[in-house]
Amino acid sequence: MAMASEACALFLGHVPRYCKVVPPIGFSRRFIAVSCKMRHRNFSPKINRQTKRALPSQLKLRADLDPLSSETDNFVDNNKTIDERVSTGEDEIKEIQKDEGTSEPPTLPLQDLMKMIKNAEENILLLNEARIKALEEVDKVLAEKEALHSEIKILETKLAETDSKLKVANQEEADTKLLEAQLKQFESQISSLSDTRSTRTRTNTSSDSSLLSEINTLSIENSVLKSKVEELKEKEKRVEMLEREKCQLEASIKDLQERVAQTEEDENKFNEELQKKVKTLEEQLRVSDKEINALMKLYEESVEEFQKTLDKLKEESEKSVRDLKEVSWEFWSFLSLMVDGWLLEKKISVADAEKLRNLVMKRDLYLRETYLSCKGLNESEIIANFLKLTLPRNSSGLHVVHIAAEMAPIAKVGGLGDVVSGLCKALQRKGNLVEIILPKYDCMDHDRVQDLKVLHETVESYFEGQLFQNKIWVGIVEGLPVYFIEPLHPAKYFSRGKFYGDGDDFRRFMYFSRAALELLLEAKKKPDIIHCHDWQTAFVAPLYWDIFANRGLNSARICFTCHNFEHQGSVPAHDLKPCGLDVDHLDRPDRLQDDSSHGRINAVKGAIVYSNIVTTVSPTYAQEVRSPEGGRGLHLALKTHSRKFFGVLNGIDTDTWNPRTDNFIKAQYSYDDLQGKLINKDYIRKQLGLSTSNPSQPLVGCITRLVPQKGVHLIRNAMYKTLELGGQFVLLGSSPVPHIQKEFESIAENFKSHADARLILKYDDVFSHLIYAASDMFIIPSIFEPCGLTQMIAMQYGSIPIARRTGGLNDSVFDLDNNSIPAELRNGFTFVNADEQSLNGAMERAFKYYKQNPEGWQELVKRAMTIDFSWESSASQYEELYQKSLARARTFAQT
Ligand code: ADP
């Protein structure tokens, strides 16, 4: 230890004076270790590197310097400073010296000292090398130790495995032994059994039975066990089955739960909807309750009204009986003689004379009234009136006066003319006294007026603060008595060569309306009904109630029919003045004031307000006009007066429009013999220069006023579509609208020599009959149509309508393909939208049916021709309206 300290000191440059060199062989292991440790820690890297390089060749250690000495570990905790160690080293040297018995420090020559140092250095190097080697050895040993440890672990694991295997093996061995023992036992049992058997055979001893019973017991046990096993198997099966069932049940439960959830959801929804419906129904119920109450009230009122009327009628009849009795016998004798005179002069037939005598005998009230109303009439007029009494008495026998601007066939522009003559004829047929008052147009068809003559007396009429004379003409048109008024006014109101359109129509017809009432008043007529039509004679209503009723013309109820709400006669309020009406009194919202334009009055509104009955010409149109658009602003007035507003579908005059009797057509025909229709078709084609090569080529007709209401663009489209579908097209029409007239004139020009299309742009009543008779199909694509007559006339002539479903067209044309309508009523082809596509669709269907189903088409034609479009039922409806209104009047008169 002292040596090492010394060496260190030398190495560090501190060479103590007293340092004593000890031969290396005497080094203790402990010392070497300390030295190595110190060197190892404090060598500079350079020295370290040198040391390492020198190691292999210089490793010639003495055998006693063992690097693996266990003592090396003792030096690890040496933390002393170098100075401390140096001092410790000195102490140790002293110790050594003590041990060796030297008390005095030796004195060495320098050479020896140098040698010693050199030796020491060599030793140090050797020691270092040895130390490194030892460290390497230590590392190696440690690695080996580690490897061994892991090997041990593996072995331990294997051991554990082996142990467990051993245990298993032991167990197996034990089992085997057990099995062997059992086997032996079994063998012995067998041998004993066989012994027993042999013994039993040999000796037949009693022990046999015990064995047998044992065997039996065993076999019983065995079978019991077997049965138990079976039972268990069964149970197992049942358990399996139960489990399956359980699974199924669980699935079903899940399914059910889901369904329950769904059902609850549905139920909630359903409940919500139900509640909503209930609410709606409750609301509807409330509304209908209200309606029912209102209706009940109305009904009660009308019952009351009816009762009053009945009472009044009873009273009247009693009074009449009293009156009759009061009438002297001379009067009845006079009538009897008069009738006889007519018979003798052959003015009436024997039958009629007989009927009239009967009436005289019964002192008939009507006969007396008729005679009294004939005051001032000439004999033939009196006879005519008397003969009306011979007609069947199933009618009310009302005196009805129609005041109108048109009457077919003498003064007809459109449907209005047809309605006036058609309705009047039907009313007359029903036993009413019907008279018509018309303007005496210079352009009317005089030839068709029978016995036209002017009365000697003129009738005076007020206009614009003056009185004007009016010539009264009488004549018979279609069997109806007609009065024509010719104003002797400088404006020559009805001598214009045309019916309408001279700019002063409002004044012309205002004048006429007043003059017509003057005539009735002057003639002392007591009509039951005065029936006026459209705006042209709408003035009659306010004039009657505001002026004439006060002057004695007060027997009548006023009926107004609006044939088209598009034309209302709306003018500045002061324009009403000339006819004598009080403008200030009438220019009010509840009277004649126009609802749509400020400062104007509206003639049609006036008629709605002042008439007792207001009608229009079809039920559908009556509904349509209740809207602002359909009523052209009169919807509110119609709503206010809805209780007296009705829609009565027009009829057609079946005397005039009858292919069986029509003299204007080339060949007459009927539904049971349609040959004549083909002749008419061929005739018109030749007349118009159309192709005649294919008799079955369909001919499409169109007869109309060319005004926007009639769907002018669709009419034009229909022509092109007809040509596209392989048909022929004939249009008869004229337009009061110049640009439309012009447009059609240019189309007509383009088609003037076309083989399949012709346009005749004029009004031609006679030619219209031919077109109806010749055509297979008829186009009516109206935008709106109050009633429309052409579709009905066309059907009477076997021409199938292709019509838009609006107004009266909707009430008279029913689509062949519409299954919701009874088959026997289906008579044409209809479309809803006012566009070309919809029209084309209907036309395509019609052409397809015509071409692909000729027999079906013939049936369709026959069906259309047999529909009753006569005025009979419509006239009855009017009669009923008249009667009801009169009944109400009587009731009011009483109260
Ligand atoms: P509107 O009254 O609106 O004109 P309707 O269908 O009610 O229409 O009546 C039209 C009547 O006028 C029919 O009798 C039809 O034959 C006739 N008509 C329309 N235009 C002509 C014409 N150019 N030539 C002959 N008759 C015509």
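Residues numbered from 1 in each chain as written. Predicted model: local features only at pLDDT ≥ 70, side-chain atom pairs only at ≥ 80, totals over all residues. Heavy atoms only, no water.

Colleague: Please explain the site of the ligand as it appears in this structure.
Modeller: Around the ligand, the structure places 20 residues, and the nearest of them are Gly415, Asp418, Arg705, Lys710 and Tyr772. One of the backbone nitrogen or oxygen atoms of Gly415 is found 2.5 Å away from an oxygen atom of the ligand. In isolation the ligand offers 560 Å² of accessible surface; the protein chains occlude 93% of this area. Listed by contribution, the elements that provide at least two residues to the shell around the ligand are helix 11 (415–429), strand 12 (699–705), strand 13 (728–734), helix 21 (765–774) and helix 22 (790–796). Of the residues assigned to the shell around the ligand, the class counts are six nonpolar, seven polar and seven charged. (Near = heavy atom within 4 Å. Polar contact = N/O pair within 3.5 Å; in protein donor to acceptor, adjacent residues only side chain to side chain. Areas by Shrake-Rupley, 256 points an atom, 1.4 Å probe, with all protein chains shown as cover. Helix = DSSP H or I, 4+ residues; strand = E, 2+ residues; numbered from the N terminus. Nonpolar A, V, L, I, M, F, W, Y, C, P; charged D, E, K, R; others polar.)

Colleague: Teacher, can you tell me more about unusual backbone geometry here?
Modeller: Note on backbone geometry: most residues besides glycine have negative phi, and most peptide bonds are trans. Residues Ala408 and Pro409 are joined by a peptide bond in cis, for which omega reads 0°. In this structure, Glu464 is a non-glycine residue whose phi angle is positive, near 55°. For Glu464, a relative accessible area of 40% corresponds to the partly exposed category. Of note, Glu478 is a non-glycine position whose phi angle comes to about 55°, a positive value. (Buried < 20%, exposed > 50% of the residue type's maximum accessible area, 1.4 Å probe, protein only.)

Colleague: Quick question: what am I supposed to make of helix 8 (residues 350–361) here?
Modeller: At 3.6 residues per turn, the α-helix brings residues three or four places apart onto the same side. Over its 12 residues, helix 8 extends 16 Å from the first C-alpha to the last, a length consistent with the 16 Å expected when each residue adds 1.5 Å. Those residues of helix 8 lying buried are Asp352, Ala353, Leu356, Leu359 and Val360. For helix 8, the angular spread of the buried residues around the axis is 120°, confining them to a single face. Projecting away from the buried face of helix 8 at angles above 90 degrees are the exposed residues Val350 and Met361. Backbone geometry just downstream of helix 8 places Arg363 in the positive-phi region, at approximately 50°. (Expected span 1.5 Å × (residues − 1). Arc of directions from axis to C-beta.)

Colleague: Would you mind showing me how to read the sheet that holds strand 7 (residues 557–562) here?
Modeller: What holds strands together in a sheet is hydrogen bonding between their backbones, with the strands either parallel or antiparallel. Read across the sheet, nine strands follow the order 3-4-5-2-1-6-7-10-11 without closing on themselves; strand pairing throughout is mixed. Of all strands in the sheet, those with a lone pairing partner are strand 3 (450–463) and strand 11 (645–647), marking the two edges. Neighbouring strand axes in the sheet, compared pairwise and without regard to direction, differ in orientation by 25° on average. Each of strand 1 (399–403), strand 2 (433–439), strand 3, strand 4 (466–477), strand 5 (480–487) and strand 6 (529–533) touches helix 12 (residues 505–522); the most contacted strand, strand 3, lies at about 105° to it. (Pairing = 2+ DSSP bridges. Axes fitted to C-alpha atoms, helices over the stretch in contact; angles between N-to-C directions. Contact = heavy atoms within 4.5 Å.)

Colleague: Explain the pattern of salt bridges here, please?
Modeller: Pairs can form between side chains of opposite charge once their charged atoms are near each other. Per the stated rule, a full pass over the model turns up 37 salt bridges. Two residues, Lys412 and Asp418, come together in a salt bridge whose shortest N-O distance is 3.0 Å. Overall, the relative accessible area of 13% leaves Lys412 in the buried class. The class of Asp418 is buried, set by a relative accessible area of 12%. For the salt bridge of Arg551 with Glu518, the shortest nitrogen-to-oxygen distance reads 3.2 Å. Taken together, the positions of Arg551 in the loop between helix 13 (540–548) and strand 7 and Glu518 in helix 12 put the pair 33 residues apart, joining distant regions of the chain. In this structure Arg551 comes out as partly exposed when scored by relative accessible area, which is 42%. Using a relative accessible area of 6% as the deciding quantity, one classes Glu518 as buried. Among the charged side chains, a salt-bridge network with shared partners connects Lys425, Arg429, Lys430, Glu478, Asp653, Asp655 and Glu872. (Salt bridge = Lys/Arg side-chain N within 4 Å of Asp/Glu carboxyl O.)

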